[in-house]
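# Working through the structure, step by step
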Amino acid sequence: MTLDALNAELRTPEGFLGDQASSGAFREILDTWRKTLKKVDDDPFGTTPTAEISRRQLDKLLAQGDAEIAGLVHGVVEEFAQGLATVIKRLLKTKGWQETERIVIGGGMRGSRVGELAIGRAGMLLRGEDIATELLPIRHDPDEAGLIGAVQLAPPWIFLGHDALLAVDIGGSNIRVGLVRPHLKKAPDLSAACLWETEIWHHRDDKPKREEAIDRLCEMLADLLRKAEKRGLAVAPFIGVGCPGQIEPDGSIAKGGQNLPGNGRAAASTCRGGCWRRCRRSAAMPPSSSCTTTRWCRG
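Bear in mind that the values here come from a model prediction, so they are computed numbers and not experimental data. (Residues numbered from 1 in each chain as written. Predicted model: local features only at pLDDT ≥ 70, side-chain atom pairs only at ≥ 80, totals over all residues. Heavy atoms only, no water.)

### So, the overall build of the protein chain
Put simply, the test is: A run of DSSP states H or I qualifies as a helix once it reaches four residues; a run of E qualifies as a strand once it reaches two. Both are numbered from the N-terminal end. Using a 1.4 Å probe on the protein chains alone, a residue whose accessible area is under 20% of its type maximum counts as buried, one over 50% counts as exposed, and one in between counts as partly exposed. Residue contacts follow a heavy-atom distance rule, with two residues in contact if any of their heavy atoms lie within 4.5 Å. Under the convention used here, a 1.4 Å probe and the Shrake-Rupley method define accessible areas, while residue burial counts only the protein chains that appear.
Along the backbone of the protein chain there are eight helices and eleven strands. Here the protein chain holds 299 residues, and the buried ones make up 45% of them. For the protein chain, the proportion of contacts with a sequence separation of at least 24, taken over those separated by at least 6, is 66%. Just so you have it, the protein chain exposes about 16000 Å², and 49% of that area is on carbon and sulfur atoms.

### Observations concerning the side chain of Glu199
Here is the rule we go by: The charged-residue count follows a simple rule in which Lys and Arg add positive charge and Asp and Glu add negative charge, with His and chain termini not counted at all. One side-chain nitrogen of Lys or Arg within 4 Å of one carboxyl oxygen of Asp or Glu is enough to make a salt bridge.
Relative to the helices and strands, Glu199 is located in strand S7 (residues 194-201). No salt bridge is formed by the buried Glu199; its nearest oppositely charged neighbour, Lys227, is found at 4.0 Å. Setting aside chain neighbours within four positions, we find Glu199 in contact with Ile175, Arg176, Val177, Met220, Asp223, Leu224 and Lys227.

### Regarding helix H4 (residues 113-128)
Keep this limit in mind: One less than the residue count of a helix, multiplied by 1.5 Å, gives the span that helix is expected to have. We define a polar contact as two N or O atoms separated by no more than 3.5 Å, with the added condition that, inside protein, one atom must be a possible hydrogen donor and the other a possible acceptor, whereas residues neighbouring each other in sequence contribute only through side-chain atom pairs.
Spanning 16 residues, H4 covers 22 Å between terminal C-alpha atoms, matching the ideal 22 Å at 1.5 Å per step. Along H4, the positions that sit buried rather than exposed are Val114, Gly115, Ala118, Ile119, Ala122, Gly123, Leu125 and Leu126. Along its buried surface, H4 packs onto helix H1 (23-38), helix H2 (55-64), helix H3 (67-92), strand S3 (102-105) and strand S4 (134-137). Near the N-terminus of H4, the side chain that reaches the backbone nitrogen of Gly115, with its oxygen 3.1 Å away, is that of Ser112.

### A closer look at the pairing of strand S8 (residues 235-244)
Threshold: Pairing between two strands is assigned when DSSP locates at least 2 bridges connecting them.
Most of S8 sits inside the fold, with nine of its ten residues counted as buried. Where strand S5 (residues 164-170) lies against S8, five bridges are found, and the strand directions are parallel. Counted as the bridge partner of Leu166 is Ile239 from S8.

### Describing the nonpolar core
Keep this limit in mind: Take the buried residues of types Ala, Val, Leu, Ile, Met, Phe, Trp, Tyr and Cys, join any two whose side-chain atoms come within 4.5 Å, and each joined set is a nonpolar core.
Leu166, Val168, Val177, Leu179 and Leu221 are the most contacted members of the largest nonpolar core, which has 22 residues in total. Listed by contribution, the elements that provide at least two residues to this core are S5, strand S6 (175-181), helix H7 (210-231) and S8. Of the residues forming this core, the biggest block, seven residues, is contributed by H7. Among residues more than four places away in sequence, those in contact with Val168 are Leu147, Ile175, Arg176, Val177, Leu217, Leu221, Ile239, Gly240, Val241 and Gly242. Core analysis: the next-biggest nonpolar cluster, separate from the first, contains 16 residues, Ala25, Leu58, Val76 and Val114 among them.

### Considerations on the confidence of the model for the protein chain
Rules: Each residue carries a pLDDT score, the predictor's confidence in it, ranging from 0 to 100.
Predicted confidence across the protein chain gives a mean pLDDT of 81, with 84% of residues reaching 70 or more. Confidence, expressed as mean pLDDT per element, reaches its minimum in the protein chain at strand S11 (residues 290-296) with 46 and its maximum at S6 with 94. Counting interchain partners and residues more than four positions distant, the pLDDT-below-50 stretch residues 293-299 has 35 contacts.

### A look at the environment of Leu136
Along the chain, the position of Leu136 falls in strand S4. Assessed through its relative accessible area of 30%, Leu136 is described here as partly exposed. Expressed as a C-alpha distance, the spacing of Leu136 and Gly123, which sit 13 residues apart in the sequence, is 8.4 Å. When near neighbours in sequence (up to four residues on either side) are disregarded, Leu136 contacts Arg102, Ile103, Val104, Ile105 and Ile119.

### Some remarks on the packing of H1 against H3
Operational definition: Only C-alpha atoms enter the line fits that serve as axes; for helices the fit covers just the stretch in contact. Angles between N-to-C directions range over 0 to 180 degrees. Note on angle classes: values under 35 degrees are labelled roughly parallel, values over 145 roughly antiparallel, values of 65 to 115 roughly perpendicular, and the remainder oblique. Definitions for this section: a left-handed crossing has its near helix turned counterclockwise from the far helix by less than a right angle. A right-handed crossing has that turn clockwise. Note on residue classes: Ala, Val, Leu, Ile, Met, Phe, Trp, Tyr, Cys and Pro are nonpolar, Asp, Glu, Lys and Arg are charged, and everything else, Gly too, is polar.
With their axes 9 Å apart at the nearest point, H1 and H3 run at an angle of 135° to one another. Classified by the interaxial angle, the pair formed by H1 and H3 is oblique. Between H1 and H3 the crossing geometry is right-handed. Of the residues in H3, those in contact with Ala25, Phe26, Ile29, Leu30, Trp33 and Leu37 of H1 are Leu72, Gly75, Val76, Val77, Glu79 and Phe80. Residues of the contact of H1 with H3, tallied by class, amount to ten nonpolar, one polar and one charged.

Next comes the structure, spelled out in structure tokens:
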């Protein structure tokens, strides 16, 4: 696997271009539509704050709601798809993205029917402009994909003597940790890897400081290590960490970490150092253990 480009921090007068294709952008569009409707009619969602309207609710309204409510949801999906298509067209003009044949989309939008519709509609908009790049939702559950992908951070042979890998997915709203089973005997290319155990923390609700976030992350990792030991699993001597932003060789974040808990610029570096040492002590990991940090592309 070769990484051609990452962190395409394209800007608009309103901020980062990629923010137009975020879950936050979807909610902003929904909120704008609700405010517009209130001027002429009742809000179909009543007094429920937009932030508390789940995608599962929107899926249900799309499938079972009356025509007007379904039309509202369709309108939000259409506007979001237009923004997603605009972001992709800009990306495809950059050097690293030229001649891209397929784009796989994960994240929160992948985990709902309205999100899948937005992805499909954006793909149709691109084809309408003779852009052949294919858009697909990621195959794995979006809550698991970032963790399972950690097995690709090491050559397959390293898992010959190990049953599982600790993985971390640090996001702007959630921190997920998991034990990933590589299942190397089933698929030498690691395509059969799956999540054996996972924990999730919605840190955005708690607004933790950096050290608080790291302490909580350590507790989650140590808990998984104890479960692995109880089950008799041999855990690989490194942690795979997925984190937004430009990650430097020492694990620090040069840029793009503004949505991370606490001091985002230092979060990955602290995880790479102090957090791993604490986990190693708590679970008697071998002294040679290490922490490997990867970079998730930021559109």
